[in-house]
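Residues per chain are reported as follows:
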Amino acid sequence: MAEQSGIVQDHWTREGTLARIDAVLREMGHDPEVVMPEILSGVEHLHSGGLATTQDQAEKLALGPDARVLDIGCGIGGPARYLAHTYGCHVDGIDLTPEMIETGQVLTRRCGLEDKVTLEIGNAMELAFPDQTFDVVWCQNVTMNIADQAGFLGQVYRVLKPGGKFTSTEYSTGPGGDVLYPVTWAYDAAINFLDSEDVMRAQFADAGFSILDWTNYTAQAIDRLGQAAAAPSKLTNRLVFGDDTPERSGNVRRNLMEERIIYWMITAERP
Ligand SMILES: C[S@@+](CC[C@H](N)C(=O)[O-])C[C@H]1O[C@@H](n2cnc3c(N)ncnc32)[C@H](O)[C@@H]1O
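Novice: How should the site of the ligand be read in this particular structure?
Specialist: In the vicinity of the ligand there are 21 residues, among which Leu46, His47, Gly73, Asp95 and Thr97 approach most closely. Residue glycine 73 places a main-chain N or O atom 2.6 Å away from a nitrogen atom belonging to the ligand. In the environment of the ligand, a nitrogen atom lies 3.0 Å from a nitrogen or oxygen atom belonging to the backbone of glutamine 140. Expressed as a share of its isolated accessible area of 600 Å², the protein-covered part of the ligand is 98%. Residues of the shell around the ligand, tallied by class, amount to nine nonpolar, ten polar and two charged.

If you want it as structure tokens, here you go:
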């Protein structure tokens, strides 16, 4: 597992992320030291559909200031800051990739959200939290890099309080054929671990979850990936994912359109 984690970390590391974000913020007339989630939204929601997907996913939950949330694979912390800023909840974010967390910690401080958002390096497979800590476990576009889905879901279940919710946006395989590479999460099959919808549903059930909502979110993702590709803004996930992002995101959209993959928004409950 350690070897696989190293490959995943390398995949998501593009050194100098913060400097690239700062340069674009300055070009746009912002002081990088004085930012807020509304300014950063174009670059910090690192999943299909960006901020709009985060908003739709959050609306499926009843989040309030008392909620304790864990964001697994939080990237540079955009969704965590959005949830804390919008709903007043406390969010712990963990991510395998140091470059993501180091960038996210600076942005969190600059947004003045460090009392509500804590970002730390961590592995989804070994969550460093006691049993039954969280009201909500949140996850967006992470599980495609996780080989042991049963182990992952077991960790999520363990840290949720009874009655707690697990929300996840993730891909499954589709009926349209093999995945075309490169995609945002993988250059080849080595770190691509998509399962079929049936297998995913069985894994959730085996882990003990009740499914509250299982929405096919593919059409929204196709639309928004198209809009993002056409938008003139330079404050985009390219600053985090690298200069080949347009090709890789374009392939995600093509895979979705050809039903090689399906994008799901899932809400489950630990009974
Ligand atoms: C596409 S990014 C999504 C980031 C964030 N969820 C968002 O939507 O803005 C995928 C992230 O998952 C992280 N990741 C992949 N495998 C992980 C694991 N086993 N444990 C923790 N983080 C992981 C990567 O480091 C990367 O930052």
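Now that the structure has been shown, the text picks up again.
Novice: Help me out: how do you make sense of helix H5 (residues 78–87) in this one?
Specialist: Residues spaced three or four apart along an α-helix face the same direction, because each turn holds 3.6 residues. The buried count for H5 comes to seven of ten residues, which makes it a mostly enclosed element. Of all the residues in H5, the buried ones are Gly78, Pro79, Ala80, Arg81, Tyr82, Leu83 and Ala84. Glycine 88 sits one or two residues past H5 and shows a positive phi near 75 degrees.

Novice: How should unusual backbone geometry be read in this particular structure?
Specialist: Negative phi is the rule for most residues except glycine; trans is the rule for most peptide bonds. That bond from tyrosine 181 to proline 182 is cis: its omega, -5 degrees, falls within 30 degrees of zero. Within the fold, proline 182 resides in the loop between strand E5 (160–173) and helix H8 (197–207). Backbone geometry places glutamine 132, a non-glycine residue, at a positive phi of 55 degrees. Here glutamine 132 shows up in the loop between strand E3 (117–121) and strand E4 (134–140). The class for glutamine 132 is partly exposed, based on a relative accessible area of 40%.

Novice: Any chance you could explain the packing of helix H2 (residues 17–27) against helix H6 (residues 98–110) here in plain terms?
Specialist: When two helices pack together, their arrangement is given by the angle between the helix axes and the distance between those axes. Contact geometry of H2 with H6 gives a least axis separation of 9 Å together with a crossing angle of 40 degrees. Classified by the angle between their axes, H2 and H6 sit oblique to one another. For the pair H2 and H6, contact is made by Thr17, Leu18, Ile21 and Asp22 and by Glu99, Thr103, Val106, Leu107 and Arg110, respectively. Of the residues contributing to the contact of H2 with H6, the split by class is four nonpolar, two polar and three charged.

Novice: When you look at the pairing of E3 in this model, what are you seeing that I'm missing?
Specialist: The two faces of a sheet get side chains in turn, since along a regular strand they alternate between them. Two strands pair when backbone bridges link them, and strand E2 (residues 90–95) and E3 are joined in this way by five bridges, in the parallel orientation. Within E3, the residue paired with glycine 93 across the bridge is leucine 119. The parallel pair E2 and E3 is bridged by H6, and the resulting crossover is right-handed.

Novice: Mind showing me how you'd approach the sheet that holds E5 here?
Specialist: What holds strands together in a sheet is hydrogen bonding between their backbones, with the strands either parallel or antiparallel. Spatially, E3-E2-E1-E4-E5-E7-E6 is the arrangement adopted by the seven strands of the open sheet, whose pairing is mixed. In this open sheet, the two strands that pair with only one neighbour each are E3 and strand E6 (210–216). On average, each strand axis in the sheet is inclined to that of its neighbour by 15 degrees, with strand direction left out of account. Across the sheet, helix H4 (residues 50–59) touches E4, E5 and strand E7 (261–269), and the angle it forms with E4 is around 150 degrees.

Novice: What is the right way to read the packing of aromatic side chains from this model?
Specialist: Going through the model one piece at a time under the given rule, you end up with twelve aromatic pairs. The interplanar angle of 50 degrees and the centroid separation of 6.0 Å between the aromatic rings of tryptophan 214 and tryptophan 264 together place this pair among those described as tilted. On the criterion of sequence distance, the pair formed by tryptophan 214 in strand E6 and tryptophan 264 in strand E7 is long-range, its members being 50 residues apart. In this structure tryptophan 214 comes out as buried when scored by relative accessible area, which is 12%.

Novice: Which parts of the structure should I look at to understand the pattern of salt bridges?
Specialist: When the charged atoms of two side chains with opposite charge come close together, those side chains can pair. Scanning the model with the defined rule gives 16 salt bridges in all. Where glutamate 27 meets lysine 234, a salt bridge forms, and the shortest distance between an N and an O atom there is 2.8 Å. Of the two residues, glutamate 27 is situated in helix H2 and lysine 234 in the loop between helix H9 (218–230) and helix H10 (238–241); the sequence distance between them amounts to 207 residues. Taken individually, glutamate 27 and lysine 234 each receive the classification exposed, so the pair is uniform in this respect. Here arginine 109 makes a salt bridge to glutamate 33, at a shortest N to O gap of 3.7 Å. Placement of the pair is arginine 109 in helix H6 and glutamate 33 in the loop between H2 and helix H3 (37–44), with a sequence separation of 76 residues.

The rules behind these values
Residues numbered from 1 in each chain as written. Predicted model: local features only at pLDDT ≥ 70, side-chain atom pairs only at ≥ 80, totals over all residues. Heavy atoms only, no water. Near = heavy atom within 4 Å. Polar contact = N/O pair within 3.5 Å; in protein donor to acceptor, adjacent residues only side chain to side chain. Areas by Shrake-Rupley, 256 points an atom, 1.4 Å probe, with all protein chains shown as cover. Nonpolar A, V, L, I, M, F, W, Y, C, P; charged D, E, K, R; others polar. Buried < 20%, exposed > 50% of the residue type's maximum accessible area, 1.4 Å probe, protein only. Helix = DSSP H or I, 4+ residues; strand = E, 2+ residues; numbered from the N terminus. Axes fitted to C-alpha atoms, helices over the stretch in contact; angles between N-to-C directions. Parallel < 35°, antiparallel > 145°, perpendicular 65-115°, else oblique. Contact = heavy atoms within 4.5 Å. Pairing = 2+ DSSP bridges. Right-handed = clockwise from strand over helix to strand, strands pointing away. Phe/Tyr/Trp six-rings, centres within 6.5 Å; stacked < 30°, edge-to-face > 60°. Salt bridge = Lys/Arg side-chain N within 4 Å of Asp/Glu carboxyl O.

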